[in-house]
Amino acid sequence: MSVLIYAENAAGKFKKSTFEALSYAKAIADQNSTNLIAISIGDVANDELAVLGKYGAEKVLNVANDKLKNFVNQAYASVIAEAAKANGADIVVISNSFSGRGLAPRLGVKLDAGVADGAVALPEQNGGKFTVKKTAFSGKAFAIVELTSQNKIIALAPNAYKVVESGTTAPVEDFNIETKASDFTAMIKDIVRATDKVSLPDAEIVVSAGRGLKGPENWDMIEELADLLGAATACSKPVSDSGWRPHSEHVGQTGIAVSPNLYIAIGISGAIQHLAGVSSSKVIVVINKDAEAPFFKVADYGIVGDAFEVLPKLIAAVKEYKA
Ligand code: FAD
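Thresholds, definitions, all that
Residues numbered from 1 in each chain as written. Predicted model: local features only at pLDDT ≥ 70, side-chain atom pairs only at ≥ 80, totals over all residues. Heavy atoms only, no water. Axes fitted to C-alpha atoms, helices over the stretch in contact; angles between N-to-C directions. Helix = DSSP H or I, 4+ residues; strand = E, 2+ residues; numbered from the N terminus. Parallel < 35°, antiparallel > 145°, perpendicular 65-115°, else oblique. Left-handed = near helix turned anticlockwise from the far one by under 90°. Contact = heavy atoms within 4.5 Å. Nonpolar A, V, L, I, M, F, W, Y, C, P; charged D, E, K, R; others polar. Expected span 1.5 Å × (residues − 1). Buried < 20%, exposed > 50% of the residue type's maximum accessible area, 1.4 Å probe, protein only. Salt bridge = Lys/Arg side-chain N within 4 Å of Asp/Glu carboxyl O. UniProt positions renumbered as here; feature names shortened; annotations may be inferred. Phe/Tyr/Trp six-rings, centres within 6.5 Å; stacked < 30°, edge-to-face > 60°.

(A) A look at the packing of helix α3 (residues 73-86) against helix α4 (residues 98-110). Between α3 and α4, the shortest axis-to-axis distance is 9 Å and the interhelical angle comes to 50 degrees. One way to sum up the angle between α3 and α4 is to call them oblique. When the axes of α3 and α4 are compared, the crossing they make is right-handed. The segment α3 lies against α4, with Asn73, Gln74, Tyr76, Ala77, Ser78, Ile80, Ala81 and Lys85 engaging Gly102, Leu103, Arg106, Leu107 and Lys110. Looking at the contact of α3 with α4 residue by residue, the classes come out as six nonpolar, four polar and three charged.

(B) Structural detail: helix α1 (residues 16-31). With 16 residues, α1 extends 23 Å between its outermost C-alpha atoms, agreeing within 8% with the 22 Å of an ideal straight helix rising 1.5 Å per residue. With 13 of its 16 residues buried, α1 lies for the most part within the structure. One or two steps after α1, the chain reaches Ser33, where phi turns positive at roughly 45 degrees.

(C) Up close: the pattern of salt bridges. Scanning the entire structure with this criterion turns up 13 salt bridges. Across the pair Lys134 and Asp117 runs a salt bridge, and its minimum N-O distance is 2.8 Å. Residue Lys134 is located in strand β9 (residues 129-136), and its partner Asp117 is located in strand β7 (residues 114-119); the two are separated by 17 residues in the primary sequence. Put simply, Glu223, Arg245 and Glu249 are held in one network by salt bridges that share partners.

(D) Region of the structure containing the UniProt feature "binding site: FAD" (unreviewed entry) in the protein. The UniProt record annotates "binding site: FAD" (unreviewed entry) at Arg211, Gly267, Ile268, Ser269, Gly270, Ala271, Ile272, Gln273, His274 and Asn288. Among the structural elements, Arg211 can be located in the loop between β13 (205-209) and α5 (219-229). Judged by its relative accessible area of 56%, Arg211 falls in the exposed class. Apart from the residues within four sequence positions on either side, Arg211 is in contact with Ser236, Pro238, Val239, Trp244 and Gly267. Mapped onto the elements of the fold, Asn288 is located in strand β16 (residues 283-288).

(E) Layout of the packing of aromatic side chains. Tallied over the entire structure, the rule returns seven aromatic pairs. When the ring of Phe19 is compared with that of Tyr55, the centres are 4.5 Å apart and the planes differ by 35 degrees; the resulting orientation is tilted. Taken together, the positions of Phe19 in helix α1 and Tyr55 in the loop between α2 (46-50) and β5 (59-63) put the pair 36 residues apart, joining distant regions of the chain. Side by side, Phe19 and Tyr55 carry an identical accessibility label, which is buried. Judged by centre distance (6.0 Å) and plane angle (65 degrees), the ring pair of Trp219 and Trp244 falls under edge-to-face. One end of the pair, Trp219, is in helix α5; the other, Trp244, is in the loop between α6 (237-241) and β15 (262-266), with 25 residues separating them in the sequence. Residue Trp219 shares its accessibility class with Trp244, and that shared class is buried.

See below:
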């Protein structure tokens, strides 16, 4: 038995969520007194690969294949499944990222494994039972699932487990497998970045605004605050439906689910469908002129006030703090 973790990269650099998944996988390997192997797919430099050792990987499998430079769901799932089989890994850990959510069910089928996606805590292993706490209903509830199969896939929710340094560097080995044409029925040919700003699903801080901002012309304040904080910008559904902001910023039940360390909600009422996508944020700050706005019920900090008065003061305070 061993544990395999898929170390996802973005443009050749490992993401924070990868180090979280790695630290989490290391803890599972320790729980089971077994070893932890990492697999990286794509174009990642050797010194970056070796860094995986710092967070617990004892060996890094490197799949450097031109066809696999960009993420291809079926092909990546095939490679990870083959690596799991070749290394006797019966637990595979991945991040519950965009790509991870595509990989998890495919890995489940290929490895005849039970899948726990959106895991938020280490598995409990008592009396032969293997249970995992995971988010359910877009973050509105938690479910405890029991994985009864021999092989298990766990996709760790972002920001659910802290990064822990536990080693030094890891040896890197090439892992080559024949790719099948049937794994390449849909391929990314080119990536065109829509923005240079922090990507919303990966952001540690999100500054989000709703209809309380009155119109798109008032988003300068939101962008200024976000830039100062190194945050991503987001919005409520009606804001993107009205064309004030792009749909890629819409968070909630029908939009992107985020779980940053800090979510600042400005002029958003806090409807259940919005909260579904943001309630697993670590700290929620709400700015709303209506003290009865439902968002205050889930807020860690709240400011009852007019955004047009509060925001300029907040921006000035952040500038002063950073000076
Ligand atoms: P409003 O409800 O209009 O609230 C505006 C808020 O701004 C109010 O609380 C008001 O007090 C405050 N405000 C006004 N002026 C100021 C000011 N000057 N300063 C400070 N505060 C001010 N919504 C989502 O966001 N995401 C989803 O994924 C989503 N999915 C949905 C799915 C379904 C099936 C349905 C039916 C609805 C969905 N909705 C979703 C819509 C959701 O129900 C709400 O209508 C929406 O979230 C409200 O957006 P809002 O808070 O920006 O606007």
